[in-house]
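# Inside the fold
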Amino acid sequence: MRANLLVVLLILLAGVGASLLLIPHSAELALQKFRDRDYDSARDAYEQRYAAGDRSGATVMPLTRLTLAQGDVDRAIELTEGFLAAEPSSVEARELLDRLYQDAQRPGDRLENLKALAEMRNSADLFRELAYAAGFRNRMAMKAEALVRYCTLRPEDVEAPQELAALLASRGDPAGAVDWLLRADDRATGNIQPDSRELLMSLLIDLDREDEAYERARRWLGERPTVADMIGLASQLAAASRPDLGLRLIEPQVIGSQVAGRAPVLALELTYIDLLIATDRREPARTRLSALSGPVEDAQFGRLLALEANAGMPRAALEATRGRDLHLVPDWVLAGLAETALRDGDRAFPDRLYRELGDEFLDDYPILAANIALGRGDPAAAAGWAERALAGDGPAGKGLMMGDRLGAIRILDRTGRRTAAVAAFDRLPLSGTVPEEVLEEMAALFIDFDRAPAGLAWFTARRQATQSPAAAQGWARLAAKAGDPAAVADWLAGQPKLPLALLQDIAGSAAERAATNPATDPRAARPAAALALAAAQRAFALDPSARSRLALAGALTATGKPADALPLLAPLLDSLLVGGGSAEVEAAYIAALDGAGRSEELARHLTAKLARGTLSDADQQAIVTMLLDHKAYRAALPLLRAWAERQGGTRSGEDWLSVYADAAAKANALPDLAALLQGRAAAAPLVEAEDSLYRDTLTKLGRKADLRRYLLARATDDRLPADRRREPVSALLALGDKAGAEQALQRLAAGQGPQSEDFKQLAYLWGPRPPASGMDWIEARAKTAGSPAEQAAWYDRLADYGGGRRVIAGLGGQAAAPAQPALKTPYIEALAAAGKGKELADAVRAALAEEASPDRLRRYARLAEQTGQRASASQAWTALLARKPEDADALRQLGMLAYDENRLADAERLLRRYVATGPNDYEAHYFLGEALTALKRPTAATPFYRTALSQLRARATRGDGTTQTEANLLNRLGKVDDAVALFEGLRKRRPADRQLKADYASMLIENGRLPEARRVLALP
């Protein structure tokens, strides 16, 4: 029995033990809840395990996922970071943390984790991603390291090494960049990107590996290179400051084609020429440019001209522009060509440049623009450009070079803006560095602007600071003008070689001082005279030309030795008499004769020349010019008059007449001039210059009556074109001859209609109310008009000037409208102007049947409305609508008339058609709403009331009338209180307006507000 109990006890104990094993532990319980999707309980269970110190992956990973599932990214990151702190080699945790950092937008933390993950996996893709992320965060060192690892793992990728090389080059590692580029190029068999090629060329050259760069470029070209590849590689080498290598690269191909008898492709030929110029081989470049045959296409034209300009072939470039579009040429090339043309005296190209490209092109080149304007004879524009340059206006003005500043100042002086030129010169920054090449012009400007003492001081300091020929020569120029002549003479003696222009300037300045000083400072005159002679003699010895001979003669004359000058001038004078020459020689000879006291010889000289009779017209003209220059006007008058009368010589007759007129005025011989011009005017109408001269002469002589007769005769001379006859009218008015002006204008307007400019001028002269004679003239023109249309036009003018009754009398006949359709309009207009409503209504009705013009029908309707003829106005609007069914004016006016006449259905129909066009017309919308309201259709009226209210409130100006309309609209829209407020405001402004009170009270009564209505009407 005891044995059986023991067995039973053992079995019970075994069952209890087995049941205990079936009870789940905490970890199993948490996992079970996770699988059952009881996430809240599962997370609590895992949090308890985590709080109890369980940091294993079996706890942290599920807890992290549960945390993420509930949106707590920060807690998930904290758990994963804690796990990685304990288990840093866990790849799974690193990958999870990477995703968590991305979700939390923590790129900095992600970058460090991604770096560790890439190292752990040694994955090319991860290193590539790391490079992208590091670049985004501007961690270039990390990016470079990641790209190195990626390129090592993926050697077949040829793009990444190029990116790595560009990065290394930017970080100051050219050798490393070259190494990776070479690897990529070898791997890609020469097919790396053009940017990488250019970078490789540049880096190899910078590293003194030019031969390697050249060989690499040759490998890229291959055995059969394309033109594009050759040009591209050569250009890359040139861009890397080694055009010689580019030339060496393509020269075999170019020369080979030439030897084989094939012309190289133009683009390659131009590149070759460009490289020749860049390597300073200009002569062969010019030879090849000259050998190019035929015009090039537009795409290459600008480049061709740029090469010719760079090769020193500006004339060839200028010739090439003939017949071609200048927009194809680079601006800097055009600017250089224009400057070349201006220097050569060629005005055609600058004129064309201005004409075709205009101010927009010249904005960047103000000095060039000023010179072009000078060449075009426009000094005002030239001065404007020069001032703009000096003010720094535009890109070219910023940091203006000293040479350009001086050029702008010189242009201002040449254009008569001397004050502005001197002011600009005085503002020059002379304390800094001034280029040597501008010193000569600076010295000249110091002299020309009467700043010689200041200039001398500046050049003296410059000469002491810098021993340069330009500074010394500038000092000499100014010292000759304002300094010590003896010191200049000493310096001159020590300078064996000097420019001819400098010697001539010194001689001129010294001679001037010698001629000026004898009376005031005789001792100063002597060294100045000595300097003048020394410089002039040096100039003559250096260049015994006519110019130097003339300069020496001038120096001798100015220094009191005119007799010594005469032998020097005699050869020049003989050549002048035989073949013509400079008036300077004549002037110097005359000055020498005058200075030597040989007046009779001078007179004989000029008389003998004229008496020879064999002189050409040019010689005779030169003598007359000298006579005029020396104020011998009486002596010149006979010859000048003869030339003017026969219009001979090389000048036109008008030119000689102008010279004769000037001489006659100075010789007090204006009556002779007037007689000459009067005779010409009697024979034929004077040309413009003669006409102006004759008027001016008569004015100066005070012969106003003769002048008025001449002007009237010219204005009525049918031999002259109309435009020449119009101009004297203003002159007649200026003389106070209004009657003559009217006569001239009537003569001009006689063959024209009322729209002519001549009649408009006549009408302006008459004013808004012409005199009776003017009205008679217009009426006569109307009656004698050649067509009904012209007759109607004149009657229109007659009516405009208040002659409506004349129009009615002329067109009405026996109290009936005119039969001609064209005459009905002026007749109706006249009736309207005269206020004859009944007659107008009859005339309008009579005209409607035949009238087809919508504009005239509209005008008839308006005139009928103005004179209160509503029935005829309605008929005119109806006729207009019949011809133009959608005419807005007709629809509106007929709709309004229908409403006024209580034809509500017609009003609705017409106004609906009108507002359908979308006009900004609150009145039309309002009255359409009123018509619908009167037709017991208030719901249909509401949208139109709203539109009317919106349009009314949008008006820029408001008055009491529109305010009352707004109040009525608000009332219609049920906003009675707002309407009352507006009416109250109107009552305060217009307390005595009974109609306003009535309208206000009516609105109040309509809305059942009787007490307020009584108050408004002041009822008990």
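Up top is the structure these notes are about.
Residues numbered from 1 in each chain as written. Predicted model: local features only at pLDDT ≥ 70, side-chain atom pairs only at ≥ 80, totals over all residues. Heavy atoms only, no water.

### Observations concerning the overall build of the protein chain
Keep this limit in mind: In DSSP terms, a helix is any run of H or I states spanning at least four residues, a strand is any run of E spanning at least two, and both are numbered starting from the N terminus. Think of it in three bands: residues with accessible area under 20% of the maximum for their type are buried, residues over 50% are exposed, and the middle band is partly exposed, with areas taken using a 1.4 Å probe on protein chains only. What makes two residues a contact is simply this: any of their non-hydrogen atoms within 4.5 Å.
When helices and strands are counted, the protein chain shows 59 helices and zero strands. Every one of the 1020 residues in the protein chain was classed for burial, and the buried ones make up 44%. Here the analysis covers contacts within the protein chain between residues at least 6 apart in sequence; of these, 49% occur between residues at least 24 apart.

### Re the pattern of salt bridges
What counts is decided by this rule: Think of a salt bridge as a Lys or Arg side-chain nitrogen and an Asp or Glu carboxyl oxygen that are within 4 Å of each other.
In this structure the tally under the stated criterion is 52 salt bridges. Here Arg903 and Glu901 are joined by a salt bridge, their closest N and O atoms 2.9 Å apart. The salt bridge involving Asp993 is made with Arg990; its shortest N-O contact spans 2.3 Å. By relative accessible area, which is 22% here, Asp993 ends up partly exposed. Through salt bridges that share partners, Arg858, Arg862, Glu865, Lys884, Asp887 and Asp889 make up one connected network.

### Quick look at the environment of Gln473
Positionally, Gln473 belongs in helix H28 (residues 469-482). Residues Gln473 and Ala443, 30 residues apart in the sequence, show an inter-C-alpha distance of 8.8 Å. When neighbours within four sequence positions are excluded, Gln473 is seen to be in contact with Trp491, Leu498, Pro499 and Leu502.

### Remarks on the environment of Asp691
Here is the rule: Here a polar contact means two N or O atoms within 3.5 Å. Within protein one must be a hydrogen donor candidate and the other an acceptor candidate, and residues neighboring in sequence count only if both atoms are side-chain atoms.
On the secondary structure map, Asp691 appears in helix H40 (residues 688-701). Overall, Asp691 belongs to the buried group, its relative accessible area being 6%. For the pair Asp691 and Leu677, spaced 14 residues apart in sequence, the C-alpha separation works out to 8.4 Å. Apart from the residues within four sequence positions on either side, Asp691 is in contact with Leu686, Tyr710, Arg714 and Glu727. Polar side-chain contacts of Asp691 include one of 2.7 Å to the side chain of Tyr710.

### Quick word on the side chain of Ser196
Along the chain, the position of Ser196 falls in helix H12 (residues 194-206). Under the relative-accessibility criterion, Ser196 is labelled buried at 8%. Here Gln162 takes part through its side chain, which lies 2.5 Å from a polar atom of the side chain of Ser196. Every residue in contact with Ser196, bar those within four places of it in the chain, is listed here: Gln162 and Leu181.

### So, a nonpolar patch on the surface
To be explicit about the condition: Any residue with relative accessible area above 30% and no salt bridge may belong to a patch, with like charges joined within 9 Å and the nonpolar Val, Leu, Ile, Met, Phe, Trp and Tyr side chains within 5 Å. Computed with the Shrake-Rupley method and a 1.4 Å probe, the accessible areas treat only the protein chains shown as cover for residues.
Taken together, the side chains of Ile1005, Leu1010 and Leu1017 define a hydrophobic patch exposed on the protein surface, amounting to about 240 Å² of accessible area. Its place among the elements puts Ile1005 in helix H58 (residues 994-1006). Using a relative accessible area of 44% as the deciding quantity, one classes Ile1005 as partly exposed.

### Observations regarding the packing of aromatic side chains
This is how the line gets drawn: Here a Phe, Tyr or Trp ring, Trp counted by its six-membered ring, pairs with any other such ring whose centre lies within 6.5 Å, and the pair is stacked when the planes are under 30 degrees apart, edge-to-face when over 60, and tilted otherwise.
Inspection of every chain in the model, using the stated rule, returns ten aromatic pairs. Between Phe425 and Phe449, the ring centres sit 5.5 Å apart and the planes meet at 70°, which makes this aromatic pair edge-to-face. Pair noted here: Phe425 is in helix H25 (residues 418-426) and Phe449 is in the loop between helix H26 (439-448) and helix H27 (452-465), with a separation of 24 residues, a long-range link. Across the pair, Phe449 and Phe425 agree in class, each one buried. Ring centres 6.2 Å apart and planes at 75° place the aromatic pair Trp475 and Trp491 in the edge-to-face group. Taken as a pair, Trp475 in helix H28 and Trp491 in helix H29 (residues 485-493) lie far apart in primary sequence, 16 residues in all. Residue class for Trp475 comes out buried when judged on its relative accessible area of 10%. A residue is classified by how much of its surface remains accessible, and Trp491, at 9% relative accessible area, is buried.

### Some details on the environment of Gly740
Following the sequence through the fold, Gly740 ends up in helix H43 (residues 738-749). When the C-alpha positions of Gly740 and Arg708 are compared, they lie 8.2 Å apart, and in sequence the two are 32 residues distant. In this structure Gly740 touches Leu712 and Leu732, once residues within four positions along its chain are discounted.

### So, the packing of H29 against helix H30 (residues 500-516)
Just so we agree on the cut-off: A fitted line through C-alpha atoms serves as each axis, taken over the contacting stretch for helices, and the angle formed by two N-to-C directions is quoted from 0 to 180°. Any angle between 65 and 115 degrees counts as roughly perpendicular, while under 35 counts as roughly parallel, over 145 as roughly antiparallel, and the rest as oblique. When the near helix sits turned anticlockwise from the far one by under a right angle, the crossing is termed left-handed; a clockwise turn instead gives a right-handed crossing. All residues other than Ala, Val, Leu, Ile, Met, Phe, Trp, Tyr, Cys, Pro, Asp, Glu, Lys and Arg, Gly among them, are scored as polar; the first ten of these are nonpolar and the last four charged.
The contact between H29 and H30 brings their axes to 12 Å, and the two run at 155°. Taken together, the axes of H29 and H30 lie roughly antiparallel to each other. Taken as a pair, H29 and H30 cross one another with a handedness that is left-handed. For the pair formed by H29 and H30, the contact residues are Pro485, Val488, Trp491 and Leu492 on the first element and Leu502, Leu503, Ile506 and Arg513 on the second. Taken together, the residues of the contact of H29 with H30 break down into seven nonpolar, no polar and one charged.

### So, the nonpolar core
Rules: Definition used in this section: a nonpolar core is a set of buried Ala, Val, Leu, Ile, Met, Phe, Trp, Tyr and Cys residues joined via side-chain atoms within 4.5 Å.
Ranked by internal contacts, the top residues of the largest apolar core, which has 160 residues, are Phe349, Met442, Phe459 and Ile506. With eight residues, the top contributor of residues to this core is helix H16 (residues 266-278). With sequence-adjacent residues up to four places away left out, Met442 is seen in contact with Leu406, Phe425, Leu430, Val434, Trp458 and Phe459.

### A look at unusual backbone geometry
Despite not being glycine, Asp450 shows a phi value in the positive range, around 55°. For Asp450, a relative accessible area of 64% corresponds to the exposed category. At Asn902, a residue that is not glycine, the phi angle is positive and equals roughly 65°. Within the secondary structure layout, Asn902 lies in the loop between helix H52 (888-900) and helix H53 (904-915).

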